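# Fold and geometry: a report
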Amino acid sequence: MREFKVVVLGSGGVGKSALTVQFVSGCFMEKYDPTIEDFYRKEIEVDSSPCVLEILDTAGTEQFASMRDLYIKNGQGFVVVYSLTNHQTFQDIKPMKELITRVKSSERVPILLVANKSDLEHQREVPTIEGNTLAQFWGCPFIEASAKSKTNVNDVFAEIVREMNYSNDKEKKSYCCTVL
Ligand SMILES: Nc1nc2c(ncn2[C@@H]2O[C@H](COP(=O)(O)OP(=O)(O)O)[C@@H](O)[C@H]2O)c(=O)[nH]1
Ligand SMILES: [Mg+2]
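Summary of the structure given here. Just so it is clear, the structure is predicted and the values come from calculations on it, not from any experiment. (Residues numbered from 1 in each chain as written. Chains lettered and ligands numbered in written order. Predicted model: local features only at pLDDT ≥ 70, side-chain atom pairs only at ≥ 80, totals over all residues. Heavy atoms only, no water.)

Moving on to the pairing of strand β5 (residues 111–116). Counting buried residues along β5, 6 of its 6 residues qualify, which places the element largely inside the surrounding structure. Along β5, one buried face is formed by Ile111, Leu113 and Ala115 and the opposite face, lined by Leu112, Val114 and Asn116, is buried too. Strand direction decides the pairing type here: strand β4 (residues 77–83) and β5, joined by 6 bridges, are parallel. Directly across from phenylalanine 78, in β5, lies its bridge partner isoleucine 111. Pairing of β5 with strand β6 (residues 142–144) involves 3 bridges; the strand directions are parallel. Bridged to valine 114 within β6 is isoleucine 143. The parallel pair β5 and β6 is bridged by helix α5 (residues 128–138), and the resulting crossover is right-handed. (Buried < 20%, exposed > 50% of the residue type's maximum accessible area, 1.4 Å probe, protein only. Helix = DSSP H or I, 4+ residues; strand = E, 2+ residues; numbered from the N terminus. Pairing = 2+ DSSP bridges. Right-handed = clockwise from strand over helix to strand, strands pointing away.)

Structure, rendered in structure tokens:
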């Protein structure tokens, strides 16, 4: 079975752990230790193909650039999360695409932009169009989700699998071209 390494990135408090735990265990935790950085495994089926995801829920080791670079190097797909109730968290992730492409030394890295906390519509600070515009600029898909109400949580992980499949296929094709 294919196995994919996914890294969940974003500022503290945006819901990286809540999204990951909701996806892996199907429950919403009100409080999750913000310092816990852990791997989770889950098998899913995407477009009729089963695969295993190894998900790294990061927790602010970004202060140590070498640590951050290491998990970016090891990751194959990146779920970049901000909270739509906090505009600062949207600003925070803007340099992320450049950082990932630099560390991976590749322009075509599978990335998905996620606006979390869509259940808190009345506290929204980041309009959908802003997320969409950034995703277009990055050339990646964009999803608004809620770890609390479970909205689009499975889609987040299915979509990053599709992005990883897509870039794998492209790599294979260009390899075949080189061989031929
Ligand atoms: N209303 C709401 N709260 C959320 C959602 N996701 C996370 N939270 C809350 O936001 C806070 C931070 O979540 P956490 O997963 O620990 O964020 P992390 O630091 O990015 O891992 C917690 O109090 C969560 O209960 C969501 O989708 N909706
Ligand atoms: Mg966390």
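Now for the sheet that holds β5. With mixed pairing, 6 strands are arranged side by side in an open sheet as β2-β3-β1-β4-β5-β6. Edge strands, defined here as strands with exactly one partner in the open sheet, are β2 (38–46) and β6. Averaged over all pairs of adjacent strands, the angle between strand axes in this sheet comes to 25 degrees, irrespective of strand direction. Taken strand by strand, helix α2 (residues 65–74) contacts β1 (2–9), β3 (49–57) and β4, and its axis lies near 150 degrees from that of β1. (Axes fitted to C-alpha atoms, helices over the stretch in contact; angles between N-to-C directions. Contact = heavy atoms within 4.5 Å.)

In the vicinity of ligand 1 lie 20 residues, with Gly13, Lys16, Ala18, Glu30 and Asp119 positioned nearest. One nitrogen or oxygen atom from the main chain of alanine 18 is found 2.8 Å from an oxygen atom belonging to ligand 1. Taking lysine 117, its side chain carries an N or O atom lying 3.0 Å from an oxygen atom of ligand 1. Across the complex, the protein chains shield 88% of the 570 Å² of accessible surface that ligand 1 would expose by itself. (Near = heavy atom within 4 Å. Polar contact = N/O pair within 3.5 Å; in protein donor to acceptor, adjacent residues only side chain to side chain. Areas by Shrake-Rupley, 256 points an atom, 1.4 Å probe, with all protein chains shown as cover.)

We now examine the side chain of serine 83. Following the sequence through the fold, serine 83 ends up in strand β4. Take serine 83: its relative accessible area is 1%, and that puts it in the buried class. One polar contact links serine 83 to threonine 85, side chain to side chain, over a distance of 2.7 Å. Once you skip the residues sitting within four places of it in the chain, serine 83 turns out to touch Val14, Thr89, Asn116, Lys117 and Val126.

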